[in-house]
Each structure stands twice: as structure tokens, then as C-alpha cells.
Amino acid sequence: MNSKIKLVGLILVLPAFSFSGCSSNNQSAQPDASSSANPSSAANQPAPSPPPAAAATPAPTVVEVPAGTTVAIRLRDPIDTGRTEVGARFEAALARPLMVEGNEVAPVGSAVTGRVADVVSSGRLNRPAELALVLTSLAPPGRQSVAIETNAWSMKGKSHKKRDAEFIGGGAAGGGLIGALAGGKKGALVGALVGGGGGTGAAAATGKKEIQLASETELNFKLASPASFPVQR
């Protein structure tokens, strides 16, 4: 009797274990609904936007100033033919805007550099002073210096032949007068020779006339070849 009861109990318990195992397997096989329905917060975040591109700086436009264009300057350094030498550099500033077809390429005050191309100091008697200048560069404010080539501005001092002749002639006349008073015709001839020598000496002592250009002197040059200037538009 007891054996029958145990057998019946065992039969009833086995299906329960089977059902429990199936239920457990079914639960483990099913995906996690919460994980699939609610993805992580990081996954839900939108992709970061790329940083805005920096505004590109427009490239400068190159403007060509044609040959023959006038370049007006004001000297910053004084120039004296009695003191300067060939090849000496001088500084200046643009006296008027550099324009091309109504557009300003370089404003007043732009830095200008030049060079003494030729210089002759005034000699005694009939040698007048000479001076020749050229421009070599121009730099608008805030921009790089641009090499330029200009025709030479030149000047020649006044000849002092006439003035020297007056000194010499006047000395000879004075000497002749003194000689005549001293000893007749012979004295006059000797006096004229002596007086002439004295006149020549006076001309030699006083005949030098240098070319002197003061600071702020305005000079005009012309471009000998085209020059290209970058201009920001």
C-alpha cells in the first residue's frame, strides 16, 4: 500500500519538474525586453555636429600699376651734393595717393625708399653740382614693401662761368688801375696780371654752389616698369 502511494506521488511530481524546467528555459531564451525597448542613453544621444568652418579670409587682389605712372614723394631726409655719396639711401613718404583706374593702391604717407644714383659735388670755377635720384621701394601701411623701378629725377646746378668771369675781369681791371697809378703803362700791364691772378683766386674761393634739397621737398618720379601691389578688397 505504501509503495503504491509513493509511486503515485512520484508520477504527480515529475510533470511539475518538467513544466518548471521548460518555463525556466523559455524565460532565459527570451531577450530582455527592457534592454531592447530602452537602449542606453548614450545611444539615444544625437551625433555631435561638426564645428562651424572658420570664415575664409579673401585672398588679396593684385593690382598692376603701369609704367609711366607718376609717384609723388616728400623727402624725409635732406640731401646735399656736398655731403652725400653715390648709392646712399634716403627715406621719403608718398605725397599723393597712388591711383589706378580710380582705385587707390597706396595712400598718402606710404613709406618710400630711394637711392642716390649719381652725385657730383660743385667744383671751383666752371664745374656745377649734379644730382640724380631713383626710387627703389614703396610700402603701403600694414602691407609688405614692393620693389619699384623709376626713371631718375635729376638736377644740375647753375653754371658759375659768368660770375667767375666777372670776378676775374674785375680783378684784372682793378689791378690795371692800381698799376697805372703806380708806374704808367708798364705798371698798368704788371698790375693787370697781378689783378687777374687775384680775381681768379676770388672765383676759386667763392664759386662752389651745391644742390641742397631740404626735408619735405616734393619730387615727382615716373615708374620705369610696371609694379604689382596686393590690395585687400
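Residues numbered from 1 in each chain as written. Predicted model: local features only at pLDDT ≥ 70, side-chain atom pairs only at ≥ 80, totals over all residues. Heavy atoms only, no water.

Chemist: Would you explain the nonpolar core in this entry?
Modeler: Across soluble globular proteins, nonpolar side chains show a tendency to be buried alongside one another. Core analysis: the largest hydrophobic core is formed by 32 residues, its most contacted members being Ile73, Leu131, Leu133, Leu138, Leu213 and Phe229. By residue number, the principal contributor to this core is strand 8 (residues 130-139), which donates 4 residues. Not counting residues within four places of it along the chain, the set of residues in contact with Leu138 comprises Val71, Leu94, Leu98, Ala106, Ser110, Ala111, Val112, Gln144, Ser145, Val146, Ile148 and Phe229. (Core = buried A, V, L, I, M, F, W, Y, C linked by side-chain atoms within 4.5 Å. Buried < 20%, exposed > 50% of the residue type's maximum accessible area, 1.4 Å probe, protein only. Helix = DSSP H or I, 4+ residues; strand = E, 2+ residues; numbered from the N terminus. Contact = heavy atoms within 4.5 Å.)

Chemist: How should I be thinking about the environment of Ala152 in this particular structure?
Modeler: Assignment of secondary structure puts Ala152 in the loop between strand 9 (146-147) and strand 10 (153-156). Judged by relative accessible area, which is 49%, Ala152 ranks as partly exposed. Considered as a pair, Ala152 and Leu135 are 17 residues apart in the sequence and their alpha carbons are 8.0 Å apart. Apart from the residues within four sequence positions on either side, Ala152 is in contact with Leu133 and Val134.

Chemist: Honestly, the confidence of the model for the protein chain in this entry has me stumped. Any pointers?
Modeler: The predicted coordinates ought not to be read in detail in places where the model reports low pLDDT. Across the protein chain, the average pLDDT comes to 73, with 51% of residues at 70 or higher. No element of the protein chain has a lower mean pLDDT than helix 4 (residues 161-206), which averages 45, and none a higher one than strand 4 (residues 89-94), which averages 98. Low pLDDT (under 50) marks residues 163-182, which in the prediction has 33 contacts with non-local residues, meaning those over four places away or in another chain. Segment residues 185-206: pLDDT under 50, and 29 contacts once partners within four positions in sequence are set aside and those in other chains are kept. (pLDDT = per-residue confidence, 0-100.)

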